[in-house]
Amino acid sequence: MELPMRKVCANCKNAYREGDKYCRYCGAPLGKPDFIEEDFACIYGPPPMERTHKCAKCGFTWKTSLMIDDEKWCPNCGGEAPAEGGR
Ligand SMILES: [Zn+2]
Ligand SMILES: [Zn+2]
């Protein structure tokens, strides 16, 4: 069985988002993606909560619903955009 390949940031190996100019995890400009094999890690825990990110520099906002939200860089301008509220 073939494992699916996942597009990731070439710098930090976190999820690569099509259309983003900068990596949301490390702030590096997204050029060519890297590929890693998809792993099927099962994580049990509380349901993911929704968080809002707002870039202080350009005002770009997006929402995440992740168990662990380590996105903190604006995909639009590369500015710092940590999650608001919640924890
Ligand atoms: Zn990255
Ligand atoms: Zn921005």
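Check the entry above for the structure.
The structure presented is a predicted model; accordingly, all values stated were derived computationally and were not measured. (Residues numbered from 1 in each chain as written. Chains lettered and ligands numbered in written order. Predicted model: local features only at pLDDT ≥ 70, side-chain atom pairs only at ≥ 80, totals over all residues.)

1. Points about the nonpolar core
Of all hydrophobic cores here, the largest spans 8 residues; its members are Cys9, Tyr22, Cys23, Tyr25, Leu30, Trp73, Cys74 and Ala81. Other than its neighbours up to four places away in sequence, Cys74 contacts Tyr22, Cys55, Lys57, Cys58, Phe60, Gly79 and Ala81. (Core = buried A, V, L, I, M, F, W, Y, C linked by C-beta atoms within 7 Å. Buried ≥ 20, exposed ≤ 12 C-beta atoms within 10 Å, placed from the backbone. Contact = placed C-beta atoms within 7 Å.)

2. A few points about the sheet that holds strand 3 (residues 49–54)
Strands sit in the order 4-3-5 across an open sheet of 3 strands; the sheet is antiparallel. The open sheet is flanked by strand 4 (61–66) and strand 5 (83–84), the only strands paired with a single partner. Judged from the 6 bridges that link them, strand 3 and strand 4 form a sheet pairing that is antiparallel. The partner of Arg51 across the bridge, within strand 4, is Thr64. (Pairing = 2+ DSSP bridges. Helix = DSSP H or I, 4+ residues; strand = E, 2+ residues; numbered from the N terminus.)

3. Let's talk about the environment of Tyr22
Structurally, Tyr22 is set in the loop between strand 1 (5–8) and strand 2 (34–37). Apart from residues lying up to four places away in sequence, Tyr22 is in contact with Gly27, Ala28, Pro29, Leu30, Trp73, Cys74, Pro75, Cys77 and Gly78.

4. What about the environment of Arg51?
Residue position: Arg51 is located in strand 3. Taking the C-alpha atoms as reference, Arg51 lies 9.6 Å from Pro82; in sequence the two are 31 residues apart.

5. A closer look at the pairing of strand 3
For a regular strand, the rule is simple: side chains alternate between the two faces of the sheet. What sits between strand 3 and strand 4 in their antiparallel hairpin is a turn of 6 residues, with Gly59 showing a positive phi close to 85°. When strand 3 meets strand 5, the two strands line up antiparallel, connected through 2 bridges. Opposite Thr52, over in strand 5, you have Glu84 as the bridge partner.

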